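Listed below are the residues making up each chain.
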Amino acid sequence: MDRTKILVTGGAGYIGSHAVVELYEAGFQPVIVDNFSNSQESALRGVEEILGVKVPMHRIDCNDVEALRAVFAEEGSLRGVIHFAASKAVGESLQKPLEYYQNNVGSLLALLEVMREFGVEALVFSSSCTVYGIPDQLPVTELTPTKKANSPYGATKQMCEDILRDVAAAPGNTLRTILLRYFNPIGAHISAKIGELPLGVPQNLIPYVTQTAAGIREQLTINGNTYDTPDGTNIRDYVHVVDLAKAHVVAVQRLLDKTGDTVETFNVGTGRGNSVLEVVQAFERATGQKLNYTIGPPRPGDVPAIYADVTKSVEVLGFQSTTSLEDSLASAWKWQLSLVE
Ligand code: NAD
Ligand code: WQD
């Protein structure tokens with residue numbers, strides 16, 4: 001039987017590569033497009049080793065409408081798109097706002113134009129808990145008001161969400177969209193053949209932790225311990241990347257089944273909040289590694305605490321994460337070890 005073809009933009013990236021694996025294993029035929037601006041072709045070797053097949057890949061920029069048209073034409077029967085491709089570094093977006101608006105908003109507009117031309121009507125969009133800013137109440141539900149973004153990166157996610165809601169509301173619209181608001185994705189595939197490949201000094205907590213344990217960094221600096229949280233350090237909802245990838249499979253199926261409204265929003269997290277210190281302790285427990293860390297000043301712009309209410313994603317989308325924090329961190333460590341072998 002022919003597999004249903006799903007275009008995966010940014011499919012060579014951290015979350016995209018895991019989603020490609022889960023899509024294929026669920027019976028879909030993923031087709032990757034990526035410009036490798038923040039990934040390497042080696043990630044695709046890992047995908048092939050896991051699946052035992054080569055996944056079709058087109059090296060193009062999603063801002064390039066002509067190139068997208070050529071992919072849609074060549075592939076023929078695409079039924080849906082998962083749009084991961086975007087620039088994602090919050091700090092860099094403050095230095096290069098125009099590039100971020102161009103890449104993140106521009107690529108969505110280009111994609112929507114070509115999807116409409118080719119009659120492709122199902123889209124899963126990578127949004128982020130960053131749209132909630134500093135929330136007034138915890139946990140955050142999908143109805144928690146969004147706040148003014150504190151970075152151009154965050155603003156691009158809000159703008160893309162607005163664009164997709166406007167498209168859905170237009171008369172005669174046939175596009176069906178699911179906005180997935182990811183919390184903090186961590187860890188790697190159990191095979192350790194794919195994972196996160198941060199360039200340079202990691203900005204995110206987990207790669208910094210694993211690089212410190214591996215001796216690449218001298219010590220982790222915890223960004224402040226005087227927040228209004230039980231141990232004074234920031235609280236986040238760390239969701240395993242394979243669980244997150246599986247949420248995309250469920251979302252794609254829902255769009256193809258035409259269940260639900262034309263645009264729907266779901267939090268994708270665990271529903272658990274863990275502090276930075278809890279993450280450090282869980283990492284030590286899960287890996288037997290002692291982590292060298294110190295307490296530094298708060299990081300400007302940090303949200304003190306945020307975690308997801310996952311009731312809607314469990315009850316409506318039918319998705320629930322299953323991986324514990326310890327197992328997620330153990331997978332991140334296994335991946336780190338595979339990088340130095
Ligand atoms: P990533 O950088 O690892 O993957 C993005 C991929 O898209 C990369 O392979 C990159 O080369 C590609 N890409 C970027 N711009 C492109 C373009 N114009 N054309 C073609 N390819 C392009 O990032 P990720 O962590 O896998 O994130 C995937 C998506 O999820 C992004 O939209 C990101 O904003 C969103 N997100 C990520 C996180 C997170 O913490 N990782 C959290 C919330 C939301
Ligand atoms: C987690 C916690 C840090 C590094 C970012 C983006 C957000 C979303 C997810 C895309 C914080 C602390 C970190 C370190 C530390 N991405 N930390 N020492 O900031 O929650 O979210 O990724 O949409 O938009 O902002 O993730 O991993 O950077 O930080 O103490 O060396 O770890 O202060 O409390 P964050 P993170």
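The name given to the protein in an unreviewed UniProt entry is UDP-glucose 4-epimerase, and the organism recorded there is Hymenobacter metallilatus. Under Sequence similarities (unreviewed entry), UniProt gives the following word-for-word description of the protein: "Belongs to the NAD(P)-dependent epimerase/dehydratase family." According to its UniProt record, the protein has this under Catalytic activity (unreviewed entry): "UDP-alpha-D-glucose = UDP-alpha-D-galactose".

### Points about the overall build of the protein
The helix and strand inventory of the protein stands at eleven helices and 13 strands. Expected size for 341 residues packed as a compact globule is a radius of gyration near 20 Å; at 19 Å, the protein falls within 12% of this value. Once the C-alpha set of the protein is aligned to its principal axes, its extents read approximately 55 × 45 × 40 Å. By the burial criterion, 55% of the 341 residues in the protein qualify as buried. Contacts spanning at least 24 positions in sequence make up 80% of the contacts within the protein whose residues lie at least 6 apart. Only carbon and sulfur atoms are counted for the fraction: they give 50% of the accessible area of the protein, which is about 15100 Å². Across the protein, the mean location of the 28 positive side-chain charges is 1 Å away from that of the 39 negative side-chain charges.

### Some words on the domain arrangement of the protein
Here the protein is partitioned into domain 1 (4-187 + 239-270 + 310-319) and domain 2 (205-235 + 272-309 + 326-335). Between the C-alpha centres of domain 1 and domain 2 the distance comes to 27 Å. Between domain 1 and domain 2, the residue contacts involve 20 residues of the former and 15 residues of the latter. In total, about 1400 Å² of surface goes out of reach between domain 1 and domain 2, with carbon and sulfur atoms giving 64% of it. Together, L138, I186 and T270 form the three largest contributors to the area buried by domain 1 at its contact with domain 2, with a combined 32%. Between the two partners, domain 1 and domain 2, sit zero salt bridges.

### Observations concerning the site of ligand 2
The environment of ligand 2 is made up of 19 residues, and the closest members are S128, Y153, R236, R299 and D302. Within the backbone of T221, an N or O atom sits 2.8 Å from a nitrogen atom of ligand 2. In the model, an oxygen atom of ligand 2 is placed 2.4 Å from a nitrogen or oxygen of the R236 side chain. Contact with the protein chains hides 86% of the accessible area of ligand 2, taken as 690 Å² for the molecule alone. Of all the secondary-structure elements, those providing two or more residues to the shell around ligand 2 are α7 (205-213) and β8 (220-223). For the shell around ligand 2, the element with the most residues is β8, which contributes four residues. Taken together, the residues of the shell around ligand 2 sort by class into eight nonpolar, eight polar and three charged. Two domains share the shell around ligand 2, each providing at least three of its residues, namely domain 1 (4-187 + 239-270 + 310-319) and domain 2 (205-235 + 272-309 + 326-335).

### Quick look at the pattern of salt bridges
A full pass over the atoms with the stated rule returns 18 salt bridges. D136 is the partner of K147 in a salt bridge, and the nearest nitrogen-oxygen pair spans 3.3 Å. Residue K147 is located in the loop between β5 (122-128) and α6 (152-169), and its partner D136 is located in the loop between β5 and α6; the two are separated by eleven residues in the primary sequence. Ionic pairing is found between K290 and E284, a salt bridge with its closest N-O pair at 3.3 Å. The exposed category is assigned to K290, whose relative accessible area is 69%. Because the salt bridges share partners, they merge into one network encompassing E66, R69, E113 and E117.

### Quick word on helix α1 (residues 14-25)
Between its first and last C-alpha, α1 extends 18 Å over twelve residues, near the 16 Å set by a 1.5 Å rise per residue. With respect to burial, α1 is a largely interior element, eleven of its twelve residues being buried. The complete set of buried residues in α1 reads Y14, I15, G16, S17, H18, A19, V20, V21, E22, L23 and Y24. Backbone geometry just downstream of α1 places G27 in the positive-phi region, at approximately 105°.

### Considering unusual backbone geometry
Cis geometry is found at the peptide bond from L138 to P139, where omega equals -10°. Of note, P139 is situated in the loop between β5 and α6. With a phi angle near 55°, F36 is a residue other than glycine that sits in the positive phi range. By the secondary structure assignment, F36 is in the loop between β2 (29-34) and α2 (42-51). At A192, a residue that is not glycine, the phi angle is positive and equals roughly 60°. Locating A192 in the fold gives a position in the loop between β7 (184-186) and α7.

### Things to note about the site of ligand 1
The full set close to ligand 1 counts 28 residues, and D34, N38, S39, N103 and Y153 are the nearest of them. Within the side chain of D61, an N or O atom sits 3.0 Å from a nitrogen atom of ligand 1. In this structure, an oxygen atom belonging to ligand 1 sits 2.8 Å away from a main-chain N or O atom of F84. Compared with its free state, where it exposes 820 Å², ligand 1 has 95% of that area covered by protein. Of all the elements in the fold, those that place two or more residues in the shell around ligand 1 are α1, β5 and α6.

About the cut-offs
Residues numbered from 1 in each chain as written. Chains lettered and ligands numbered in written order. Predicted model: local features only at pLDDT ≥ 70, side-chain atom pairs only at ≥ 80, totals over all residues. Heavy atoms only, no water. UniProt positions renumbered as here; feature names shortened; annotations may be inferred. Helix = DSSP H or I, 4+ residues; strand = E, 2+ residues; numbered from the N terminus. Rg over C-alpha atoms; globule rule 2.2 N^0.38 Å. Buried < 20%, exposed > 50% of the residue type's maximum accessible area, 1.4 Å probe, protein only. Contact = heavy atoms within 4.5 Å. Areas by Shrake-Rupley, 256 points an atom, 1.4 Å probe, with all protein chains shown as cover. Lys, Arg positive; Asp, Glu negative; His and termini not counted. Charge placed at Lys NZ, Arg CZ, Asp CG, Glu CD. Domains from an automatic or database assignment. Buried area = accessible area lost by both parts, 1.4 Å probe. Salt bridge = Lys/Arg side-chain N within 4 Å of Asp/Glu carboxyl O. Near = heavy atom within 4 Å. Polar contact = N/O pair within 3.5 Å; in protein donor to acceptor, adjacent residues only side chain to side chain. Nonpolar A, V, L, I, M, F, W, Y, C, P; charged D, E, K, R; others polar. Expected span 1.5 Å × (residues − 1).

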